[in-house]
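# Per-entry structural report
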Amino acid sequence: MEDEEGPECGKPDFVLLDQVTMEDFMRNLQLRFEKGRIYTYIGEVLVSVNPYQELPLYGPEAIARYQGRELYERPPHLYAVANATYKAMKHRSRDTCIVISGESGAGKTEASKHIMQYIAAVTNPSQRAEVERVKDVLLKSTCVLEAFGNARTNRNHNSSRFGKYMDINFDFKGDPIGGHIHSYLLEKSRVLKQHVGERNFHAFYQLLRGSEDKQLHKLHLERNPAVYNFTRQGAGLNMIVHSALDSDEQSHQAVTEAMRVIGFSPEEVESVHRILAAILHLGNIEFVETEEGGLQKEGLAVAEETLVDHVAELTATPRDLVLRSLLARTVASGGRELIEKGHTAAEASYARDACAKAVYQRLFEWVVNRINSVMEPRGRDPRRDGKDTVIGVLDIYGFEVFPVNSFEQFCINYCNEKLQQLFIRLILKQEQEEYEREGIAWQSVEYFNNATIVDLVERPHRGILAVLDEACSSAGTITDRIFLQTLDTHHRHHLHYTSRQLCPTDKTMEFGRDFRIKHYAGDVTYSVEGFIDKNRDFLFQDFKRLLYNSTDPTLRAMWPDGQQDITEVTKRPLTAGTLFKNSMVALVENLASKEPFYVRCIKPNEDKVAGKLDENHCRHQVAYLGLLENVRVRRAGFASRQPYSRFLLRYKMTCEYTWPNHLLGSDKAAVSALLEQHGLQGDVAFGHSKLFIRSPRTLVTLEQSRARLIPIIVLLLQKAWRGTLARWRCRRLRAIYTIMRWFRRHKVRAHLAELQRRFQAARQPPLYGRDLVWPLPPAVLQPFQDTCQALFCRWRARQLVKNIPPSDMAQIKAKVAAMGALQGLRQDWGCRRAWARDYLSSATDNPTASSLFAQRLKTLRDKDGFGAVLFSSHIRKVNRFYKIRNRALLLTDRHLYKLDPDRQYRVMRAVPLEAVTGLSVTSGGDQLVVLHARGGSWPCSYPATGEGLGFIFRQGWGVRLETEQPRELSRDVLLNRRRGPGLMLSQPRAVPVPVPAGSGCLRRWDRPLEPGNCGTGPAARTPSLLEQGLCSWKDPQGSLGRHLQPPG
Ligand SMILES: Nc1ncnc2c1ncn2[C@@H]1O[C@H](COP(=O)(O)OP(=O)(O)OP(=O)(O)O)[C@@H](O)[C@H]1O
Ligand SMILES: [Mg+2]
């Protein structure tokens, strides 16, 4: 703070004054004021002097400088107090309040606006929509309330003519979630009459000057306020003119917009305008007494009846009822009989005025309630959302002394006495009493306790308000004068009460009219005229009924008591004075239950000019606000006090002896140890149950060291909490796994039992369990089941194979080999036939030429020395010119021969088996096979493809896929122009590479090769001779016919 506030700016805290005298106090105040330092502390109390000029002290940048800081870190400011209040509310969950006091024009309302702006600026960082809405309503409500509750007075151009206490509710995050406004004692007599130089409430001028012509016409109004009795006095005056924006015209727009934002419906705003217009018309109604003559009876009439029409139209009530309510009243006589009693002119004027005042008051109350209904915290459940905390802001009228003071000033000054009482109770008396109670050495400070004045006003039976109430309730004509006499009798010895009767020499008071109270803030002379009337606050039931029966729902809602029947005997309503007293008692109780922060406003001069500090005027205010006593108490006292347990709770983490819990004899000893560790024991005093800390700096030091440790503690707590969560989770998981384990075990057992049951009969020939269905295993048993199935297959195969005669084994093995290569790649490869192998030698299969073939075979065996004939058959061979020829194929264990059947099986070509490099087969019924060998390929077809291949494979050749990319076997491949995909034969004794089931390029040949479906290339369009030849080949010699039968 010192950095920004040099010695030339005076002391930022009056507690730091060298001597506490009025002179020193005023000098410091003056010095600071001249340097533009309008704020100064007395401890935590902020003294604010109205600068009457815009100073560069406010706005977002200033707010940022104060946000989250301690009170003493920055120069004194409203923002610092707002921040301290907010922090107390947020961090300690305390309800807090800011009491702003000072005389009219001292800057209370402006201060409350700055506080609201600060709170709005620092809250809701996450931009929650509901919170933004509440903030909007909070900020905009000020503008609306000022329009209806503020007026220009001689002391303040924008004087609040009502007391305002606003509660702002916060959730646990510290964001505003709602609010409530209490209004106190609107000065409604202002509607009728204003002092010279003063105006009626702003709302009237704003309506007249700001409405469009069309709207004015609808309301039957003229723009000139001088036309209306209620606004004539202030017609030549403007609202305070800060800037062009503050004109009545523009304020009207701003207020209408604010009402819209708050949530007033357009109909409601219109109703409000109509009610204001009706009040203005009502004010212009004059009464004339009519004499009996002709048709006319003696009585009273309205001078200008169109005004009655306007009032009736604007209030949506029947015209004749309006007229009747103005001219007469209904009274219930003895029984239930109703009598209409005509008014005199004076009575009618009184009734009219009472009606105008009451309508305005109800309108104001309705506006406040409407705003409250919008701000009410919604959907809050304390069990779910936690308790709301509250910041209250009290901006209530300051102490008032006018040349003539009436009932309103009496109430206002009583209110200030009550608030001063609270201040004394909380700041002065309570403090001193506490030091005594706690046994702290202390020099008592003298201060004036105004309890006796409060007692003078509110004491039961004898207090001024009680006497006034009694006067109001008495039958007959108790005049104000008799009321004064009663007061004189009751209070003739009271030190703070006097009157001309009691002090005849004092000519400043009138006999039979004035009494004086020596308020804590000064002497005020009150004129009793109108006291009884204002206290009684009477309005004929006729008006209430009339307005309740309005067809305008807004107006009707303002008059619920108009519902009562006139004959109903109801309790006498509470008087205005008693109502006000009760509301003050409730207010003070409410404030006392909260942690208070004070802003004491000082008005520097009566002329409302900048840069002028009228010493006498200020001295008076400093005196009656009790600021000097405040400084003395503060200087002698301590900045903070806390019960030891609470102190420990907050700061125990800063000391090794107290964290996490101390083992010392008492909390007091623990606190002492903590302070010693910090070296702060010199700045504190130890009470019986509380610790008293003298300077705020000590608190700041402790707070700072706490703030450094909090993140570590948070981490610790998070760690512990996460650990707990993890343990909970682990326990749950363990339980889950146990359940799962047992469930799996059950499933496995059930499955095994089922397997056992199903496979009991598996040994029975001839099927050996072939038709048994394997039950679906649980996932965990799938590998086991796969193994079992494989074992079972092998076992079954063994059972089947062991019955096969050895002579058939070669054939079976060949079939197995062929199946390994062709399964899935070829539709039919002859598995179900008996394989005779050497078809050409068979007299059955080759009846005409078997002997020729036998001779050839003998010759070849002699020549090539092969061991056995593996396979022989007639084939059809295709050459590269697509010519198809009948040939014979002979496969021995050494060679593959191509023979010419037409020329005694002459060898056309002999290929050693080692030279055979691959086979391409189709998957269709055409039985095409291309034998690839080094030195050329043989595209050929024969019915027993599978058989031939089977025997080749049986020779120990492995098979592997040549390519993984399936491609159709094209003509090019057939003609050996290009090696197509196919089966490669690996070298004998090489490790066989199994063809993956279901894959392989030849799977694509799923249709028989027929014209147009022979692959890609030109042949696909024009069936070639080759294709035609292949497709028409039907085993012309029928040599393989019998092999096509399935075996046995
Ligand atoms: N901080 C400030 N900066 C600039 N001008 C200010 C400040 N405070 C008050 N004023 C001026 O003083 C005028 C009166 O202030 P304000 O209305 O707050 O007084 P008040 O204490 O609420 O009076 P009342 O009791 O009559 O309502 C304001 O209209 C404004 O012109
Ligand atoms: Mg004000």
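These remarks concern the structure in this document. (Residues numbered from 1 in each chain as written. Chains lettered and ligands numbered in written order. Predicted model: local features only at pLDDT ≥ 70, side-chain atom pairs only at ≥ 80, totals over all residues. Heavy atoms only, no water.)

For the rest of this paragraph, the subject is the overall build of the chain. A tally of helices and strands in the chain yields 33 helices and 28 strands. Per-residue burial over the chain gives 52% buried out of 1048 residues. Considering only contacts within the chain whose residues lie at least 6 apart along the sequence, 65% involve residues at least 24 apart. For the chain, the accessible surface area stands at approximately 50000 Å², while carbon and sulfur atoms represent 53% of it. (Helix = DSSP H or I, 4+ residues; strand = E, 2+ residues; numbered from the N terminus. Buried < 20%, exposed > 50% of the residue type's maximum accessible area, 1.4 Å probe, protein only. Contact = heavy atoms within 4.5 Å. Areas by Shrake-Rupley, 256 points an atom, 1.4 Å probe, with all protein chains shown as cover.)

For the magnesium ion (ligand 2), the protein coordination sphere consists of Thr 109 (OG1) and Ser 160 (OG), at 1.9 to 2.1 Å. Of the two residues, Thr 109 sits in helix α4 (residues 108-122) while Ser 160 sits in strand β5 (residues 159-160), which places them 51 residues apart along the sequence. Ser 160 sits in the buried class, given a relative accessible area of 13%. (Donors = N, O, S within 2.8 Å, 3.2 Å for Na, K, Ca; no water.)

This brings us to the site of ligand 1. Around ligand 1, a shell composed of 20 residues is seen, among which Asn 50, Ser 104, Lys 108, Thr 109 and Ser 159 lie nearest. Take Asn 158: an N or O atom from its main chain is 3.4 Å from an oxygen atom of ligand 1. Between ligand 1 and Ser 159 there is a distance of 2.6 Å, counted from an oxygen atom to a side-chain nitrogen or oxygen. When ligand 1 is considered free in solution it has 620 Å² of accessible area, and contact with the protein chains removes 96% of it. When residues in the shell around ligand 1 are grouped by element, the largest group, three residues, is from α4. (Near = heavy atom within 4 Å. Polar contact = N/O pair within 3.5 Å; in protein donor to acceptor, adjacent residues only side chain to side chain.)

Turning next to the sheet that holds strand β13 (residues 497-499). If you walk across this open sheet you meet the three strands as β13-β14-β15, and the pairing is antiparallel. This sheet does not close on itself; its edge strands, each paired only once, are β13 and β15 (522-527). Strand-to-strand twist of the sheet, defined as the mean angle between neighbouring strand axes without regard to direction, takes the value 25 degrees. Relative to β15, strand β14 (residues 514-519) runs antiparallel, the two sharing six bridges. In the strand pairing of β15, Lys 518 is matched with Asp 523. Relative to the sheet, helix α18 (residues 480-491) contacts β13 and β14, its axis offset from that of β13 by approximately 135 degrees. (Pairing = 2+ DSSP bridges. Axes fitted to C-alpha atoms, helices over the stretch in contact; angles between N-to-C directions.)

Helix packing geometry: the angle between the two helix axes and the distance between the axes. Where helix α25 (residues 644-651) meets helix α26 (residues 667-678), the axes come as close as 9 Å, and the angle between the chain directions of the two elements is 45 degrees. Put simply, α25 runs oblique to α26. The element α25 and its partner α26 pack so that their crossing is left-handed. Between α25, through Tyr 644, Ser 645, Phe 647, Leu 648 and Tyr 651, and α26, the contact on the second element is made entirely by Asp 667, Lys 668, Ala 670, Val 671, Leu 674 and Leu 675. When its residues are assigned to classes, the contact of α25 with α26 shows eight nonpolar, one polar and two charged. (Parallel < 35°, antiparallel > 145°, perpendicular 65-115°, else oblique. Left-handed = near helix turned anticlockwise from the far one by under 90°. Nonpolar A, V, L, I, M, F, W, Y, C, P; charged D, E, K, R; others polar.)

In this section: the sheet that holds strand β18 (residues 684-686). In spatial order, the strands read β17-β19-β18; together these three strands make up an open sheet with antiparallel pairing. Strands with a single pairing partner mark the edges of an open sheet, and in this sheet they are β17 (640-643) and β18. Mean inter-strand twist for the sheet, computed between neighbouring axes without regard to direction, equals 20 degrees. In this structure, β17 lies alongside strand β19 (residues 690-693), joined through four bridges in antiparallel fashion.

So, about the pairing of strand β3 (residues 96-101). In terms of residue burial, β3 counts as a mostly covered element, since six of its six residues are buried. Both faces of β3 are covered, namely the face carrying Thr 96, Ile 98 and Ile 100 and the face carrying Cys 97, Val 99 and Ser 101. The sheet contact formed by β3 and strand β12 (residues 389-395) spans five bridges and is parallel. Across the sheet, the residue bridging to Ile 100 is Asp 395, located in β12.

Before going further, it helps to examine the pairing of β19. With burial as the criterion, each face of β19 is covered, one bearing Lys 690 and Phe 692 and the other bearing Leu 691 and Ile 693. Between β18 and β19, which pair antiparallel one after the other, the connecting turn spans three residues.

This next bit is on the packing of aromatic side chains. If you walk through the whole model with that rule in mind, you get 30 aromatic pairs. Taken together, a centroid distance of 6.1 Å and an interplanar angle of 80 degrees make the contact between Tyr 58 and Tyr 79 edge-to-face. Taken together, the positions of Tyr 58 in the loop between β2 (45-49) and α2 (60-66) and Tyr 79 in helix α3 (residues 78-92) put the pair 21 residues apart, joining distant regions of the chain. Among the residues examined, Tyr 58 registers a relative accessible area of 25% and is labelled partly exposed. For Tyr 79, a relative accessible area of 1% translates into the label buried. Measuring from centroid to centroid gives 5.7 Å for Tyr 497 and Phe 515, while their planes differ by 25 degrees, and the two rings are stacked. A residue pair is termed long-range when its members are at least 10 positions apart, and Tyr 497 in strand β13 and Phe 515 in strand β14 qualify at 18 residues. Like Tyr 497, the residue Phe 515 is buried in the burial classification. In this structure an aromatic cluster arises from ring pairing among Phe 407, Phe 410, Phe 483, Tyr 497, Phe 515, Tyr 526 and Phe 531. Positioned above the aromatic ring of Trp 742 is the side chain of Arg 745, whose terminal nitrogen or guanidinium carbon lies 4.6 Å from the ring centre. (Phe/Tyr/Trp six-rings, centres within 6.5 Å; stacked < 30°, edge-to-face > 60°. Lys NZ or Arg CZ within 6 Å of the ring centre and 35° of its normal.)

Further remarks concern the pattern of salt bridges. Per the counting criterion, the structure on display carries 46 salt bridges. Note that Arg 155 is salt-bridged to Glu 606, the shortest N-O span being 3.5 Å. Taken together, the residues Arg 155 in the loop between β4 (150-151) and β5 and Glu 606 in the loop between β16 (595-602) and α23 (615-624) connect sequence positions 451 residues apart. Taking relative accessible area as the criterion, Arg 155 reaches 11% and is therefore assigned buried. (Salt bridge = Lys/Arg side-chain N within 4 Å of Asp/Glu carboxyl O.)

Glancing now at the nonpolar core. Phe 148, Tyr 360, Ile 371, Phe 483 and Phe 515 are the most contacted members of the largest nonpolar core, which totals 181 residues. For this core, the leading source of residues is helix α13 (residues 345-375), giving 17 residues. When near neighbours in sequence (up to four residues on either side) are disregarded, Ile 371 contacts Val 137, Ser 141, Val 144, Leu 145, Ile 181, Ile 262 and Phe 264. Of all hydrophobic cores here, the second largest spans 15 residues; its members include Tyr 644, Cys 655, Leu 674 and Leu 702. (Core = buried A, V, L, I, M, F, W, Y, C linked by side-chain atoms within 4.5 Å.)

Don't take any of this as a statement about function, it's just geometry.
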